[in-house]
Amino acid sequence: MNGYFITGTDTDVGKTLATAALLRALLDAGRRAVALKPVQTGCPERDGRLVAEDPTVYSRFTEEYFPGGYPEACCRKFVPACSPHLAAEMAGETLDPDELAAGLEALGHGYDTVLVEGAGGCAVPLGNGRTMLDLMQRLDLPVIVVADNRLGVVNHALMTVETLRGHGLDVAGVVMTNATPPTEGDAWLRRDNVKTIAEMSGAPILADIPHLPGAPVAEVTAHAARALDRLPQPRPVDGGLDFDRDHIWHPYTSALEPLPVNKVRSARGTRIVLDDGRELIDGMASWWCAIHGYAHPELTRAARAQLGRMPHVMFGGLTHDPAIGLCRDLLDMAPDGLEHVFLADSGSVSVEAAIKMALQYMQARGQTERTRLFTVRGGYHGDTCGAMSVCDPDNGMHHLFSGLLPKQIFAPVPDCPFHAPFDPECFRETERIFRERSGEIAAIIVEPIVQGAGGMRFYHPEYLRRLRRLADEHDVLLILDEIATGFGRTGKLFACEWGGVTPDILCVGKALTGGTMTLAAVLATGDVARTISADGGVFMHGPTFMGNPLACAVARASLGILRSTDWRAQVHAVEGWLKESFGPCRELPGVADVRVLGAIGVVEMENPVNVPGLQRFFVDHGVWLRPFGRLIYAMPPYIINRPETARLGAAVRDAITARAHL
Ligand SMILES: *Cc1c(COP(=O)(O)O)cnc(C)c1O
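Residues numbered from 1 in each chain as written. Predicted model: local features only at pLDDT ≥ 70, side-chain atom pairs only at ≥ 80, totals over all residues. Heavy atoms only, no water.

### Observations regarding the sheet that holds strand S13 (residues 271–274)
- Reading across from one edge, S12-S13-S14-S26 is the order of the four strands in this open sheet, with mixed pairing throughout. Edge positions in the open sheet fall to strand S12 (264–268) and strand S26 (623–624), since each of these has one partner strand only.
- By the bridge criterion, four bridges tie S12 to S13 in an arrangement that is antiparallel. Each residue of the ladder has a partner; that of Val264, found in S13, is Leu274. (Pairing = 2+ DSSP bridges. Helix = DSSP H or I, 4+ residues; strand = E, 2+ residues; numbered from the N terminus.)

Okay, here's the thing in structure tokens:
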């Protein structure tokens, strides 16, 4: 839908008159235009039908263009003259922004320019915690603000423009009306209002419609028509893709022959909206992060509030409530025994910090020969050097950086599926390594239960329990990398809970801020912290953006959402739906295995898949999944519902049936 959303700084500011005059000006300029209302309250009932008042004004301005009468202009009409949420409640109905947006799309079908006139100001409630802003975000049209030039208008206009921009909406400009009759000698005040609003909001004054008793159509339209030349041109769809291809690196790509990318305009809940307006159901949660869905209002609110107070301050010698509150909450939620938190700026950096903690721990104990890490093959811990050194040596990047990476000690992939009985044979090699080399080992580092980016394998909790025992027997530390699995993804808050295991050092990241921004943390036991710090020792790490208050505030809000929602039930439900919709893939040719744990669904193919081919197929089928290697998998936001999950599964089945993976 192309057009503008028209909102007021308040009710009774002349919004309907301005809308009608703009509509007429557009029609006069040769556009196929229409003005619509999502909700109209105060509609008297005549002959069993509700009569909306605003469209009669549109009609008066556009009689010549709609000789058969003005078309239906309102999605919803209510009798009482009150706020939409109250009118709907009294009628026993609800106002859903998605449904209103769909209704407007339908009414606006066939027009090239649609003016959507809101009801009152932009924060007018629709019920269920939603406001007109939610509808505006869904429609994503540039917004025209109508302001009546009267006492207080500067305040209201500036607040409205600021609020709209804070919600990611484009403000096309301000239309001043003079609905309140001028008084003798206030012309200079009114002139200053216009000037001040223009200067302070930075939004153009599109038109200044004088007070015209009786609102004569031709005269009001002539004033409103000035706006047409000042309205911004629509943003080009897919603009910038050439620049992107020529100059911007994307993850793991060639600068010369990058894989195609899709341009995203916005993301909300379980939906990613592309620049061309197509909506994709998100099956990736942006690499495990967006567990509550995109643009969760509580996360956005926390970010906005912290942004207004203090986006950042150094953490050396200073501290602040967002960090204190977050660390307190993290220690409350984490397995018992973890007592100290180190905040890092990304998962990889938290892994570096964890590795350094382990080495400093051994040095502090005088065990300077313990400098290596033990891990299993098939792991992934990040892209920085220490982290790369413990990634799978074959899938990972060891061959490229072998001169740089420390040599670590690898056991085979844990060959003990989560859902099968545990076979002790899978642990023999690990035990042997420890018998022979434990004197060199400072720590074990693994992803508990789920090996993520290294192959999406789910291994048996007994393996994890045995690692814990081995660590204790040989006096080495156990580092668990829960960057992918933390915060509910596997059905437990932390995946180590499947084995009842507490690590000495725990890394969290990814979902920590609910997918809003980058932040990670390393949690350590009292023993680790005390040993490193004995005899005046200090832990040698301190990123510039350590403890970033903005990220901490959002992370705290995300943990708050986990605490206040039944995420366990959600993840459990998603698990069932993933089994239901991905399970049938087992029967398809070329499929090696299908497995589901918590909100993770994996279809493993026999051969590496054609990533660009599948990517295109999925986008064309309205879903966002990004396969890698032999894996087509989903780890959607926990708020995904059954029909959406079914569409993810159907898209995967259809892709394999259509051989899009070849
Ligand atoms: C993603 C990931 C990392 C790296 O985190 P970044 O924020 O990408 O640096 C480390 N470990 C695991 C298990 C991960 O999934």
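### Description of helix H19 (residues 549–564)
- Counted at 1.5 Å a residue, the expected span for H19 with its 16 residues is 22 Å, and the 22 Å between its end C-alpha atoms agrees.
- Among the 16 residues that make up H19, twelve are buried, leaving the element largely enclosed by the rest of the structure.
- Buried residues of H19: Pro549, Leu550, Ala551, Cys552, Ala553, Val554, Ala555, Ala557, Ser558, Leu559, Ile561 and Leu562, and no others.
- Next to the buried residues of H19 lie helix H11 (297–309), helix H12 (321–333), strand S15 (338–344) and helix H20 (567–582). (Expected span 1.5 Å × (residues − 1). Buried < 20%, exposed > 50% of the residue type's maximum accessible area, 1.4 Å probe, protein only. Contact = heavy atoms within 4.5 Å.)

### As for the UniProt feature "binding site: substrate" (unreviewed entry) in the protein
- The residues that UniProt annotates with the feature "binding site: substrate" (unreviewed entry) are Thr41, Trp287, Tyr380, Lys510, Gly542 and Arg626. Look at the named residues: they lie 586 residues apart in sequence, and the longest C-alpha span between them is 57.5 Å, so in the fold they stay spread out.
- Within the secondary structure layout, Trp287 lies in helix H10 (residues 285–288).
- Checked against the element boundaries, Tyr380 lands in the loop between strand S16 (372–376) and helix H14 (385–389).
- In this structure Tyr380 touches Tyr252, Cys391, Glu447, Ala453, Gly454 and Asp481, once residues within four positions along its chain are discounted.
- Here Tyr252 takes part through its side chain, which lies 3.4 Å from a polar atom of the side chain of Tyr380. (UniProt positions renumbered as here; feature names shortened; annotations may be inferred. Polar contact = N/O pair within 3.5 Å; in protein donor to acceptor, adjacent residues only side chain to side chain.)

### Focus on the domain arrangement of the protein
- Domain annotation for the protein reports domain 1 (3–230), domain 2 (252–282 + 567–657) and domain 3 (314–563).
- Of note, the centres of domain 2 and domain 3, computed from C-alpha atoms alone, are 28 Å apart.
- Across the contact, 17 residues belong to domain 2 and 21 residues belong to domain 3.
- Roughly 1,600 Å² is buried in total at the junction of domain 2 and domain 3, and carbon and sulfur atoms are behind 65% of that figure.
- A per-residue breakdown of the area domain 2 buries against domain 3 is headed by Trp567, Leu597 and Tyr638, which together make up 40% of the total.
- Where domain 2 packs against domain 3, one counts zero salt bridges.
- Where domain 2 touches domain 3, the interface holds nine residue pairs in polar contact (both at pLDDT 80 or more).
- Of all elements in the fold, only H20, strand S24 (591–597), strand S25 (600–605) and strand S27 (631–634) reach the threshold of two or more residues within the side of domain 2 that touches domain 3.
- In the side of domain 2 that touches domain 3, the residues fall into 14 nonpolar, one polar and two charged. (Domains from an automatic or database assignment. Buried area = accessible area lost by both parts, 1.4 Å probe. Salt bridge = Lys/Arg side-chain N within 4 Å of Asp/Glu carboxyl O. Nonpolar A, V, L, I, M, F, W, Y, C, P; charged D, E, K, R; others polar.)

### Description of the nonpolar core
- Grouped together as the largest cluster of nonpolar side chains are 94 residues, with contacts concentrated most on Phe487, Val603 and Phe618.
- A domain-level breakdown of this core finds at least three residues from each of domain 2 (252–282 + 567–657) and domain 3 (314–563).
- With sequence-adjacent residues up to four places away left out, Phe487 is seen in contact with Ile291, Leu330, Leu493, Phe494, Val508, Gly509, Ala511, Leu512, Leu559, Leu562 and Tyr638.
- Listed in part, the 69 residues of the second largest apolar core include Leu36, Leu115, Ala119 and Leu169. (Core = buried A, V, L, I, M, F, W, Y, C linked by side-chain atoms within 4.5 Å.)

### Considering the packing of aromatic side chains
- By the definition in use, this model includes ten aromatic pairs.
- With centroids separated by 5.2 Å and ring planes inclined at 90°, the aromatic side chains of Phe342 and Phe539 adopt a geometry described as edge-to-face. On the criterion of sequence distance, the pair formed by Phe342 in strand S15 and Phe539 in the loop between helix H18 (526–533) and H19 is long-range, its members being 197 residues apart.
- For Phe342, a relative accessible area of 8% corresponds to the buried category.
- For Arg32, the ring lying beneath its charged end belongs to Tyr111, and the centroid distance is 5.2 Å.
- For Lys492, the ring lying beneath its charged end belongs to Trp498, and the centroid distance is 4.8 Å. (Phe/Tyr/Trp six-rings, centres within 6.5 Å; stacked < 30°, edge-to-face > 60°. Lys NZ or Arg CZ within 6 Å of the ring centre and 35° of its normal.)

### Digging into the UniProt feature "binding site: pyridoxal 5'-phosphate" (unreviewed entry) in the protein
- Cross-referencing UniProt, the feature "binding site: pyridoxal 5'-phosphate" (unreviewed entry) maps to Gly347, Ser348, Asp481, Pro543 and Thr544 in the present numbering. Across 198 residues of sequence, these annotated residues are also dispersed in space, with a maximum C-alpha separation of 22.7 Å.
- As for its position among the elements, Ser348 is in helix H13 (residues 347–364).
- Contact partners of Ser348, with chain neighbours within four places excluded, come to His381, Gly382, Asp383 and Thr384.
- Inspection of the secondary structure assignment puts Pro543 in the loop between H18 and H19.
- Apart from the residues within four sequence positions on either side, Pro543 is in contact with Phe342, Asp345 and Val349.

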